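Read off the chains here:
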Amino acid sequence: MYRIAVVDDNETWCFVIQRFLQEKNFAVSTFNNAHEFLAESQKFDLALIDFSIPARRHQISMDGAEVITQVRKMLRQPPILLLISAYFPEEYLQETGQICSEADACLSKNLTLQQILTVMEHLLQQKQNRGVAEITRYSNYGYIK
């Protein structure tokens, strides 16, 4: 059973994605605080991280891009799927493509849960077959490495 971390300040989104993934036989932990996730990040096989974290009530020192940078410094690192709010226009995302450059995939939250699951399964399969360092990076916005 794969262990998935969901790092997002939107508690409703965390609940929805957690329930969906648990129904697909994943072990899911949610984090509303990036620092708590970083302390446990090496326990997970894949991390879904919200681009626009944090909510000020939870932390003010780290956004999604900084969380990814911190995870990448660790010896054992899970693949990272960066989720971007459906409210960001595609033009904005294209201009800030570098933000996604350290993530293994960069997807919009306006995709269906099944589409997100498909990308997750692909990343997990690549990790299993070749190791994290060789994961193909891509996104539905055209940021392909």
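A. Seen up close, the pairing of strand E2 (residues 27–31). Here five bridges tie strand E1 (residues 3–7) to E2, and the two strands are oriented parallel to one another. Bridging across to E2, Arg3 finds its partner in Ala27. In this fold, the crossover linking E1 to E2 by way of helix H1 (residues 11–23) has right-handed handedness.

B. Main features of the nonpolar core. Counting residues in hydrophobic clusters, the biggest one holds 22 residues, and the most contacted among them are Ile4, Leu21, Leu48, Leu81, Ile116 and Met120. Secondary structure elements with two or more residues in this core: E1, H1, strand E3 (46–50), strand E4 (80–84), strand E5 (105–108) and helix H5 (113–130). Among all residues touching Met120, those that are not within four sequence positions of it are Ile4, Leu21, Leu46, Leu48 and Leu81. Judged by nonpolar contacts, the second largest core, of 19 residues, contains Ala47, Ile49, Phe51 and Ile53.

C. H1, seen in detail. For H1, with 13 residues, the first-to-last C-alpha span of 18 Å sits near the 18 Å given by 1.5 Å per residue. Buried within H1 are the following residues: Trp13, Cys14, Ile17, Gln18, Phe20 and Leu21. The buried residues of H1 occupy an angular sector of 165° when projected down its axis, which confines them to one face. More than 90 degrees from the buried face of H1, the exposed residues found are Thr12 and Glu23. One side-chain oxygen at the N-terminal end of H1 lies 3.0 Å from the backbone nitrogen of Thr12; it belongs to Asn10.

D. Spotlight on the confidence of the model for the protein. Summing up the model confidence of the protein, the mean pLDDT is 76 and the portion of residues at 70 or higher is 68%. Contacts for the low-pLDDT stretch residues 132–145, under 50 throughout, to residues beyond four places or in other chains number 47 contacts.

E. Local environment of the side chain of Asp45. As for its position among the elements, Asp45 is in the loop between helix H2 (34–40) and E3. At 2.7 Å, the side chain of Asp45 forms a polar contact with the backbone nitrogen of Arg3.

F. Region of interest: the packing of aromatic side chains. Applying the stated rule across the entire model yields four aromatic pairs. Both rings, one in Phe31 and one in Phe44, keep their centres 5.8 Å apart while their planes meet at 85°; by these two values the pair is edge-to-face. In this pair, Phe31 sits in strand E2 while Phe44 sits in the loop between H2 and E3, placing the two residues 13 residues apart along the sequence. Each member of the pair, Phe31 as well as Phe44, is classed as buried. Here the aromatic cluster, defined as three or more aromatic residues joined through ring pairs, consists of Phe31, Phe37 and Phe44.

G. Just the pattern of salt bridges, in detail. In total, this model carries four salt bridges according to the counting rule given. For Asp45, the salt bridge is made with Arg3, and the minimal N-O distance between the two is 3.2 Å. Taken as a pair, Asp45 in the loop between H2 and E3 and Arg3 in strand E1 lie far apart in primary sequence, 42 residues in all. On the basis of relative accessible area, Asp45 is assigned to the buried category, the value being 10%. Put simply, Asp8, Asp50 and Lys109 are held in one network by salt bridges that share partners.

H. Here's a closer look at the pairing of E1. Among the five residues of E1, four are classified as buried, and the element is accordingly described as predominantly covered. Examined bridge by bridge, E1 and E3 share four bridges and lie parallel to one another. Bridge pairing in E3 places Ile4 opposite Leu46.

Conventions and cut-offs
- Residues numbered from 1 in each chain as written.
- Predicted model: local features only at pLDDT ≥ 70, side-chain atom pairs only at ≥ 80, totals over all residues.
- Heavy atoms only, no water.
- Pairing = 2+ DSSP bridges.
- Helix = DSSP H or I, 4+ residues; strand = E, 2+ residues; numbered from the N terminus.
- Right-handed = clockwise from strand over helix to strand, strands pointing away.
- Core = buried A, V, L, I, M, F, W, Y, C linked by side-chain atoms within 4.5 Å.
- Buried < 20%, exposed > 50% of the residue type's maximum accessible area, 1.4 Å probe, protein only.
- Contact = heavy atoms within 4.5 Å.
- Expected span 1.5 Å × (residues − 1).
- Arc of directions from axis to C-beta.
- Polar contact = N/O pair within 3.5 Å; in protein donor to acceptor, adjacent residues only side chain to side chain.
- pLDDT = per-residue confidence, 0-100.
- Phe/Tyr/Trp six-rings, centres within 6.5 Å; stacked < 30°, edge-to-face > 60°.
- Salt bridge = Lys/Arg side-chain N within 4 Å of Asp/Glu carboxyl O.

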